[in-house]
Amino acid sequence: MKKVCWPYFDPEFDNLPERIYGPPCRVCIDNDSMEDCTVIKVDSVNKQGILLEVVQVLTNVNLTILKSYISSDAGWFMDVFHVKDEHGNKLKDQKVINYIQQAIGTIREIQSTVKACSKDVFNNADQQSEHTAIEMSGTDRPGLFSEISAALADLHCNIVEAHAWSHNARLACVAYISDQSTDTPIDDPHRLATIEDHLTTVLRATSTTTIQTGSETASPQEVKTAEFLEGTNMTDVERRLHQLMLSVGDFDTPSFEPMSTSLPSGSDEDNEEGRKTIVSIENCHEKWYSIVSIECKDRPRLMFDTVCTLTDMQYVIFHASISSREGRSFQEYFIRHVDGCALSTEDEKDRVIKCLEAAIERRVCEGVRLELSAENRVGLLSDITRVLRENGLTVVRADVETQGEKAVNAFYVRDISGNDVDMDFVESVKKEMDVIDLEVKNDRGGSTPRPSSPQRSPVGLFSLGDVLKSQIERFSHSFISIN
């Protein structure tokens with residue numbers, strides 16, 4: 001019998017780089033070097049998108065990135081973050097520290113690791129795994145979010161969680177739904193197709209109206225359903241919202257007049273200057289990089305928004321420097337396209353600039369924030385948004401979640417024309433709702449709610465207060481304020 005020889009494969013071959021260079025990723029969390037912040041150092045084998053994955057882990061636990069230095073040339077990724085927690089303090093929570101070290105420390109398996117860890121850090125991971133995800137994007141119009149909520153209620157779907165962004169006359173929404181009667185995921189293909197068709201019809205009504213008013217182009221209306229993956233957390237949702245907004249072109253100004261979500265024309269010039277976003281791009285011919293410089297108002301999750309956009313546009317970040325002072329953020333990215341080329345044309349540079357400006361702006365909402373909490377029930381979101389719509393208020397951003405038996409709703413609202421809602425108007429409505437308590441915040445930069453006027457309220461105000469009180473009390477008996 002002829003002897004057969006086989007080549008030998010070392011079972012440790014896959015781990016050879018680790019044996020030569022050390023672990024694939026090292027994470028150091030230092031609370032001693034700086035007096036006012038925590039320093040997080042990351043050394044890892046480089047790969048496309050690794051910076052976004054690291055920033056996403058930090059954003060998951062609501063850390064504010066004050067300063068950062070990134071270098072990822074020559075196959076190795078080195079990064080330093082100066083961070084504070086959501087209360088402006090050093091990172092002391094050992095549970096959060098362990099999560100960061102485990103999630104980033106196994107960066108090659110970061111997707112599965114984050115999902116496994118996020119269950120312990122975030123309360124809504126388990127509930128999301130039991131429901132069906134539905135994504136919607138298209139041209140926005142006043143009251144559209146309310147119409148979507150009503151359509152899902154008509155289709156006997158229970159909305160467990162929903163997040164919607166509106167920017168530049170475009171809407172993106174991610175919702176998690178279950179069957180109304182069984183509270184289980186919807187997996188029947190025929191029913192999912194019916195849901196998609198029904199919601200697409202609701203979204204396309206915007207395109208029809210737009211075409212009739214003379215617009216030549218309209219954003220593509222798209223609805224997709226899928227069973228939700230277990231353990232996905234909030235930053236996964238936000239990244240998807242960014243992607244949906246990018247897909248419908250919210251970085252382009254529509255040919256029709258959009259509902260404004262920016263500062264009103266009467267704002268102070270100082271406020272306007274303080275909010276101005278400046279994005280520029282120039283090429284470094286010696287190293288074949290394109291240098292993206294960003295200056296804008298500082299805020300939480302800003303680095304996540306910009307890195308997410310560059311990554312989803314298929315650009316690789318080789319070096320970066322991020323800092324903030326006096327309420328302004330300064331970011332500089334050295335990038336190339338995934339094909340290894342720098343940005344070569346003015347059209348390409350212009351598109352990147354517009355997309356980054358949109359990414360920075362779309363999360364920021366100018367308007368009145370309403371926070372409500374109530375015993376959860378089928379159709380609750382539809383009823384609340386219908387009352388708001390019928391009384392001249394439109395939702396420009398929504399975050400709806402279920403926490404145990406409670407439904408927690410947060411809305412940014414403006415009037416039907418896209419203007420600010422008068423705070424006297426809102427405060428008076430709040431007073432008239434004796435039994436129903438809700439938190440009202442004015443998020444317009446630089447302003448504080450004015451005290452309610454002692455003068456008699458106008459007729460419209462009395463009508464809104466009566467309707468809100470009567471209709472909301474009718475379908476819910478246990479609203480509570482959010483702490």
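What comes next concerns the included structure.

## Describing the nonpolar core
If you look at the biggest cluster of nonpolar residues, it comprises 53 residues, and the most contacted ones within it are Ile40, Leu51, Phe81, Ile100, Ile104, Met303 and Tyr333. When residues no more than four places from it in sequence are discounted, the contact partners of Met303 are Leu51, Val55, Ile65, Ser68, Ile70, Phe81, Ile322, Gln331 and Tyr333. Grouped together as the second largest cluster of nonpolar side chains are 39 residues, Leu199, Leu372, Leu380 and Phe411 included.

## A short note on the sheet that holds strand β11 (residues 315-325)
Ordered by their spatial adjacency, eight strands build an open sheet running β1-β2-β4-β3-β11-β12-β10-β9, and the pairing between neighbours is antiparallel. Here the strands that pair on one side only, and so sit at the sheet edges, are β1 (25-30) and β9 (278-284). Taken pair by pair, the neighbouring strands of this sheet meet at an average axis angle of 20°, ignoring direction. Relative to the sheet, helix α2 (residues 50-60) contacts β2 (38-45), β3 (64-71), β4 (76-84) and β11, its axis offset from that of β4 by approximately 25°.

## Some words on the pairing of strand β7 (residues 170-179)
Burial runs high along β7: ten of the ten residues are buried. With eight bridges joining them, strand β5 (residues 132-139) and β7 adopt antiparallel strand pairing. Looking across to β7, one finds that Ser137 is bridged to Ala172. Where strand β6 (residues 157-167) and β7 come together, ten bridges link them in antiparallel fashion. Within the sheet, the bridge partner assigned to Asn158 lies in β7 and is Ser178.

## Digging into the packing of aromatic side chains
The tally for this structure, following the rule as stated, stands at two aromatic pairs. On the numbers, 5.5 Å between centres and 45° between planes, the contact of Tyr289 with Phe318 is tilted. Placement of the pair is Tyr289 in strand β10 (residues 289-297) and Phe318 in strand β11, with a sequence separation of 29 residues. Aromatic pair Tyr289 and Phe334: ring centres 6.0 Å apart, planes at 85°, arrangement edge-to-face. Taken together, the positions of Tyr289 in strand β10 and Phe334 in strand β12 (residues 328-337) put the pair 45 residues apart, joining distant regions of the chain. Owing to a relative accessible area of 6%, Tyr289 belongs among the buried residues under this scheme. Pairwise contacts between aromatic rings join Tyr289, Phe318 and Phe334 into one cluster. Over the aromatic face of Phe330 sits the side chain of Arg325, whose NZ or CZ is 4.2 Å from the ring centroid. Taking the ring centre of Phe318 as reference, the NZ or CZ of Arg336 above it sits at 4.7 Å.

## Quick word on the side chain of Asn409
Here Asn409 is to be found in strand β15 (residues 406-415). Residues within four places of Asn409 in sequence aside, it is in contact with Leu370, Glu371, Leu372, Leu380, Leu381, Ile384, Asp399 and Val400.

## Thoughts on the packing of helix α6 (residues 144-154) against helix α12 (residues 380-390)
Packing of α6 against α12 brings their axes to within 8 Å, and their N-to-C directions diverge by 145°. Between α6 and α12 the crossing geometry is left-handed. Here α6 contributes Phe145, Ser146, Glu147, Ser149, Ala150 and Ala153 to the contact with α12, which in turn contributes Leu381, Ser382, Thr385, Arg386 and Arg389. Residue composition of the contact of α6 with α12, grouped by class: four nonpolar, four polar and three charged.

## Describing the environment of Thr253
As for its position among the elements, Thr253 is in the loop between α8 (234-247) and α9 (269-275). Judged by relative accessible area, which is 67%, Thr253 ranks as exposed.

## Re the side chain of Arg328
In this structure, Arg328 sits in strand β12. Classification of Arg328 by relative accessible area gives buried; the value is 13%. A distance of 2.9 Å separates a polar side-chain atom of Arg328 from the backbone oxygen of Lys276.

## Some thoughts on the pairing of β6
The buried fraction of β6 amounts to eleven of the eleven residues, a majority that puts the element mostly inside the structure. Linkage of β6 to β7, two consecutive antiparallel strands, is achieved through a turn of two residues, within which Asn168 is found at a positive phi near 55°. In the sheet, β6 pairs with strand β14 (residues 393-403) via four bridges, with the strands oriented antiparallel. Across the sheet, the residue bridging to Ala164 is Ala398, located in β14.

## Focus: the environment of Ser166
By the element assignment, Ser166 lies in strand β6. Relative accessible area serves as the criterion here: at 5%, Ser166 is assigned to the buried category. Separated by 198 residues in sequence, Ser166 and Val364 have C-alpha atoms that sit 9.9 Å apart. At a separation of 2.5 Å, a polar atom in the side chain of Ser166 contacts the side chain of Asp140.

## Points about the environment of Asn46
In this structure, Asn46 sits in the loop between β2 and α2. Once you skip the residues sitting within four places of it in the chain, Asn46 turns out to touch Ser72, Gly75, Trp76 and Phe77. At a separation of 3.0 Å, a polar atom in the side chain of Asn46 contacts the main-chain carbonyl oxygen of Ser72.

## Brief notes about α2
Here α2 lies mainly inside the structure; eleven of its eleven residues are buried. Listing the buried residues of α2 in full gives Ile50, Leu51, Leu52, Glu53, Val54, Val55, Gln56, Val57, Leu58, Thr59 and Asn60. Phi for Asn62, located one or two positions after α2, is positive at around 60°.

## Quick look at the packing of α2 against helix α3 (residues 94-105)
Between α2 and α3, the shortest axis-to-axis distance is 10 Å and the interhelical angle comes to 160°. As judged from the angle between their axes, α2 and α3 are roughly antiparallel. Here the hand of the crossing between α2 and α3 comes out right-handed. Contacts between α2 and α3 involve Val54, Val57, Leu58 and Asn60 on the former and, on the latter, Tyr99, Ile100, Ala103 and Ile104. Tallied by class, residues from the contact of α2 with α3 come to seven nonpolar, one polar and no charged.

Cut-offs used in this document
- Residues numbered from 1 in each chain as written.
- Predicted model: local features only at pLDDT ≥ 70, side-chain atom pairs only at ≥ 80, totals over all residues.
- Heavy atoms only, no water.
- Core = buried A, V, L, I, M, F, W, Y, C linked by side-chain atoms within 4.5 Å.
- Buried < 20%, exposed > 50% of the residue type's maximum accessible area, 1.4 Å probe, protein only.
- Contact = heavy atoms within 4.5 Å.
- Pairing = 2+ DSSP bridges.
- Helix = DSSP H or I, 4+ residues; strand = E, 2+ residues; numbered from the N terminus.
- Axes fitted to C-alpha atoms, helices over the stretch in contact; angles between N-to-C directions.
- Phe/Tyr/Trp six-rings, centres within 6.5 Å; stacked < 30°, edge-to-face > 60°.
- Lys NZ or Arg CZ within 6 Å of the ring centre and 35° of its normal.
- Left-handed = near helix turned anticlockwise from the far one by under 90°.
- Nonpolar A, V, L, I, M, F, W, Y, C, P; charged D, E, K, R; others polar.
- Polar contact = N/O pair within 3.5 Å; in protein donor to acceptor, adjacent residues only side chain to side chain.
- Parallel < 35°, antiparallel > 145°, perpendicular 65-115°, else oblique.

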